[in-house]
Amino acid sequence: MRGIWLPKCSLRSCSRIADVSINTITKLLVDVGSACMQFHNDNVVNVNSKRVECDEIWSFVAMKQKTADCLGIEDGAGDAWTWVGIDADTKLIISFLVGNRDAASANEFMHDIASRLRNRVQLTTDGFKPYLKAVENAFEDEIDFAQLIKIYGSPEGSNNEKRYSPAKCTGSEKKWVSGDPNPAHISTSYVERQNLTMRMGMRRFTRLTNAFSKKMENHIYAQALHFVYYNFVRIHKSLRVTPAMEAKLTTKPMTIEDIINLIPIEEPKKRGAYKKKGQPTE
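Residues numbered from 1 in each chain as written. Predicted model: local features only at pLDDT ≥ 70, side-chain atom pairs only at ≥ 80, totals over all residues. Heavy atoms only, no water.

Observations regarding the environment of Ala 146
Within the secondary structure, Ala 146 sits in strand E5 (residues 144-152). Classification of Ala 146 by relative accessible area gives buried; the value is 0%. Separated by 35 residues in the primary sequence, Ala 146 and Pro 181 place their C-alpha atoms 6.5 Å from one another. (Helix = DSSP H or I, 4+ residues; strand = E, 2+ residues; numbered from the N terminus. Buried < 20%, exposed > 50% of the residue type's maximum accessible area, 1.4 Å probe, protein only.)

Put into structure tokens, the structure is as follows:
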């Protein structure tokens, strides 16, 4: 298992390819994902950035929110929004958060970004209103903040054609919010391109399939694994190095084996006394 990398495969297909139990694959995902979350929190800190872009990308766990509301399921199912903050120059994923698309998640996300930055930056988001208060709370006056508000027309086509045809972007508006943002750098292009990388790199984000996550915990762990791989292992095509190397967080790329080795080694548990089937317990 240590030398195998299985991108965009389901858990069951991974278990068939590696010839191990699906429970082994699931436990490995949980162990690696948990270790990757800790690794990201410990190493993506004190980032020297100039421009940061933020966006949210939609997915769902177990079922869509409409179905969860109909069934009365409140926790662990429904819409799952991933908030992503990227350095526009190094392409480093500074922060990510899985939550709702609301003010509470926006506030938590912005505080996490602020805690990882070394210096004042120019920040660009979309026109989602909760960003305004969240950025103010997290950065106070130490931020050059602007929003790029895109204007969309009606989807083309009729009936079912509209379902699969995205609305056409007819223009955009650059809105100054605070500080002194450079108008030439008010953009969300890089973080929106990162949305495509996520949908192409994580099977759980594929639309109109049954590949969606069935548990919120596994959904979060899969993303933690993806972002550590993206930041520290994968060579960026235009940078020719990993984003972490470009951001001076490390001097060489990590390997898949390095990611697996992030899992803490636990002492084997002692087996209890053997009992025959049907033997009464004391």
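Moving on from the coordinates now.
Section: the pattern of salt bridges
Using the criterion set out here, one finds 8 salt bridges in the structure. Arg 51 is paired through a salt bridge with Asp 89; the nearest N and O atoms lie 2.8 Å apart. Taken as a pair, Arg 51 in strand E1 (residues 51-61) and Asp 89 in the loop between strand E2 (78-87) and strand E3 (93-99) lie far apart in primary sequence, 38 residues in all. In this structure, Arg 120 engages Glu 142 in a salt bridge whose closest nitrogen and oxygen atoms are separated by 3.6 Å. (Salt bridge = Lys/Arg side-chain N within 4 Å of Asp/Glu carboxyl O.)

Here we look at the environment of Lys 215
Following the sequence through the fold, Lys 215 ends up in the loop between helix H7 (189-201) and helix H8 (216-233). The exposure class assigned to Lys 215 is partly exposed, which follows from its relative accessible area of 48%. Taking C-alpha positions, Lys 215 is 6.6 Å from Ala 62, a pair spaced 153 residues apart along the chain.

What about the side chain of Glu 53?
Locating Glu 53 in the fold gives a position in strand E1. Buried charged residue Glu 53 carries no salt bridge. Nearest counter-charge: Arg 51, at 4.9 Å. Here Ser 189 takes part through its backbone nitrogen, which lies 3.4 Å from a polar atom of the side chain of Glu 53. Setting aside residues no more than four positions away along its own chain, Glu 53 makes contact with Val 84, Gly 85, Ile 86, Ala 88, Thr 124, Ser 187, Thr 188, Ser 189, Tyr 190 and Val 191. (Lys, Arg positive; Asp, Glu negative; His and termini not counted. Polar contact = N/O pair within 3.5 Å; in protein donor to acceptor, adjacent residues only side chain to side chain. Contact = heavy atoms within 4.5 Å.)

Examining the pairing of strand E4 (residues 122-125)
On E4, burial covers both faces: Gln 122 and Thr 124 on one face and Leu 123 and Thr 125 on the other are all buried. Bridge analysis of E1 against E4 gives 3 bridges, and the strand direction is parallel. Bridge assignment links Glu 53 to a residue of E4, and that residue is Thr 124. Two strands pair when backbone bridges link them, and E4 and E5 are joined in this way by 4 bridges, in the parallel orientation. Looking across to E5, one finds that Gln 122 is bridged to Asp 144. What joins E4 to E5 is helix H5 (residues 130-139), and the crossover it makes is right-handed. (Pairing = 2+ DSSP bridges. Right-handed = clockwise from strand over helix to strand, strands pointing away.)

Remarks on the packing of aromatic side chains
Considering all chains together, one arrives at 8 aromatic pairs under this definition. Pairing Phe 39 with Phe 232 gives two aromatic rings, centres 4.9 Å apart and planes at 75°, and the pair type is edge-to-face. Here Phe 39, found in helix H2 (residues 22-43), pairs with Phe 232, found in helix H8; they are 193 residues apart in sequence, far enough to count as distant. The pair formed by Phe 39 and Phe 232 is uniform in burial state, with each residue classed as buried. Here the aromatic rings of Phe 60 and Phe 212 are separated by 4.8 Å at their centres, their planes lie at 35°, and the arrangement is tilted. With a gap of 152 residues between them, Phe 60 in strand E1 and Phe 212 in the loop between H7 and H8 connect regions that are remote in the sequence. (Phe/Tyr/Trp six-rings, centres within 6.5 Å; stacked < 30°, edge-to-face > 60°.)

Comments concerning the side chain of His 40
Note that His 40 resides in helix H2. By relative accessible area, which is 3% here, His 40 ends up buried. When neighbours within four sequence positions are excluded, His 40 is seen to be in contact with Ile 93, Ile 94, Ser 95, Phe 96, Arg 116, Val 228 and Asn 231.

Things to note about the sheet that holds E5
Reading across from one edge, E3-E2-E1-E4-E5-E6 is the order of the 6 strands in this open sheet, with mixed pairing throughout. Two strands in the sheet have a free side with no partner beyond their single neighbour: E3 and strand E6 (169-178). Between one strand axis and the next, the sheet turns through 20° on average, direction left out of account. Examined bridge by bridge, E2 and E3 share 6 bridges and lie antiparallel to one another. Note on E3: the bridge partner recorded for Trp 81 is Gly 99. Set on the sheet, H7 makes contact with E1, E2, E3 and E5; between it and E1 the angle comes to about 30°. (Axes fitted to C-alpha atoms, helices over the stretch in contact; angles between N-to-C directions.)

Quick look at unusual backbone geometry
Its identity as a non-glycine residue notwithstanding, Asp 19 has a phi of 60°, on the positive side. Along the chain, Asp 19 turns up in the loop between helix H1 (11-18) and H2. Positive phi, normally seen in glycine, also occurs at Glu 140, with a value near 55°. In this fold, Glu 140 is placed in the loop between H5 and E5.

Any link to function would need more than the numbers given here.
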